[in-house]
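Working through the structure, step by step
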Amino acid sequence: MIISEQINRGLLVSPKTKKRLQYSADKSILSTLDNQESFKVVGGVPIFLEKSTDETARFANSDMDAEYSATVTPETIFQKIKNFFYGDIYSKESNEAKKVFNKFSETDLLLSIGGGPTRDHQFMTNVNISNYPNVEVVADAHQLPYADNSVDAIFISAVIEHLYNPLKAIEEMYRVLKPGGIVFSITPFMQAYHGYPHHYQNLTLTGHEYYFSSKGFAVEKSGTAIGPTLALIIINSKYIFNYFPAVLNKIFGTLFLAFCMVFIKPLDLFLSKRPNSHIVASATFILARK
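A brief look at the structure comes next.

Rules of the game
Residues numbered from 1 in each chain as written. Predicted model: local features only at pLDDT ≥ 70, side-chain atom pairs only at ≥ 80, totals over all residues. Heavy atoms only, no water. Core = buried A, V, L, I, M, F, W, Y, C linked by side-chain atoms within 4.5 Å. Buried < 20%, exposed > 50% of the residue type's maximum accessible area, 1.4 Å probe, protein only. Helix = DSSP H or I, 4+ residues; strand = E, 2+ residues; numbered from the N terminus. Contact = heavy atoms within 4.5 Å. Pairing = 2+ DSSP bridges. Axes fitted to C-alpha atoms, helices over the stretch in contact; angles between N-to-C directions. Phe/Tyr/Trp six-rings, centres within 6.5 Å; stacked < 30°, edge-to-face > 60°. Lys, Arg positive; Asp, Glu negative; His and termini not counted. Salt bridge = Lys/Arg side-chain N within 4 Å of Asp/Glu carboxyl O.

Counting residues in hydrophobic clusters, the biggest one holds 36 residues, and the most contacted among them are Ile154, Met173 and Val183. For this core, the secondary structure elements donating two or more residues are helix H1 (3–8), strand S3 (38–42), strand S5 (110–113), strand S8 (151–157), helix H6 (166–176), strand S9 (177–188) and strand S11 (283–289). When residues of this core are assigned to their parent elements, the largest contribution, four residues, is made by H6. The residues contacting Met173, other than those within four sequence positions of it, are Ile113, Leu144, Ile154, Ile156, Val183, Phe212 and Phe217.

As structure tokens, then:
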């Protein structure tokens, strides 16, 4: 659902007071109907997150900015080679669970929390902490600018580990989802630190399920999203890139990664199906319903 329609229907609201919003005449401002609150609209993107000095420092991360600020362009030769080595890293089970989004259309309200610069589904609204390419709403996952019971489905992948209060964010997801609405979440378990902008925690499959069920969700499916073999490959490659001498780390790291991704990673096609695959899984998934 496009932003203007979300506003016309009263679905996009003030994140603090949950009051309905309206455009200014030139559509450069969103304000509450009583004009007590107002928010900038930059390039059609509502900005609900004004960064104070502390927040600017907290959000600052050069790796995240480099990846998310990049304009989405046709793949370069290097990217094609990288994609060839990596392929699809997700398990068959998680990909099947994700197909639940295929039933939705442009008239439904789908949120991708932490989405951008790519889009995981053509009808998703990307919500992120900065105005990156392909982001429609700049907001904090801990305080979503959506009305109660207004959202049909939520996609959140590789985000929960970056939230300083994930349970609060999950409460927000529950609040904004319609009764029967779904959330599909992928969260790391066996992964190295990666600050986007910061990295606060990883979750076991048990913890992933409990976080959502403790906030009222019914977990319908869960399991390994990225398998144990890839967990070992990535952690070992991170070790090489970070701790080998600078002259050698890129050479050895690239050769190690290329060899493992071609010849070792396919083991996950079998291991990810095992009931115990989550014990050393790189990431797990859940599909839960309100």
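Having seen the model, we can carry on.
This next bit is on the sheet that holds strand S10 (residues 218–226). Spatial strand order, S7-S6-S5-S8-S9-S11-S10: seven strands in an open sheet with mixed pairing. If you trace the sheet from one side to the other, it starts and ends with strand S7 (137–138) and S10, each paired once. As paired strands, S5 and S8 are joined by three bridges and run parallel to one another. Residue pairing for S8: Leu111 is matched across the bridge by Ile154. Taken strand by strand, H6 contacts S5, S8 and S9, and its axis lies near 150° from that of S9.

Attention now goes to the packing of aromatic side chains. The final tally for this structure, using the stated rule, is 13 aromatic pairs. Ring centres of Phe155 and Phe184 lie 5.9 Å apart, and the angle between their planes is 15°; this geometry places the pair in the stacked category. On the criterion of sequence distance, the pair formed by Phe155 in strand S8 and Phe184 in strand S9 is long-range, its members being 29 residues apart. Pair check on accessibility: Phe155 and Phe184 agree, each one buried.

With that out of the way, let us pick up the side chain of Asp268. Here Asp268 shows up in helix H10 (residues 268–271). Among buried Asp, Glu, Lys and Arg side chains, Asp268 stands out as unpaired, with Lys265 the closest opposite charge at 7.0 Å. Those residues in contact with Asp268 that lie beyond four places of it in its chain are Gly227, Pro228, Thr229 and Leu230.

The next point concerns the pairing of S11. Across the seven residues of S11, six count as buried, placing the element largely inside the fold. When S9 meets S11, the two strands line up antiparallel, connected through seven bridges. Bridging across to S11, Pro188 finds its partner in Ala283. Summarising the sheet, S10 and S11 pair through seven bridges and their orientation is antiparallel. Bridged to Ala218 within S11 is Arg289.

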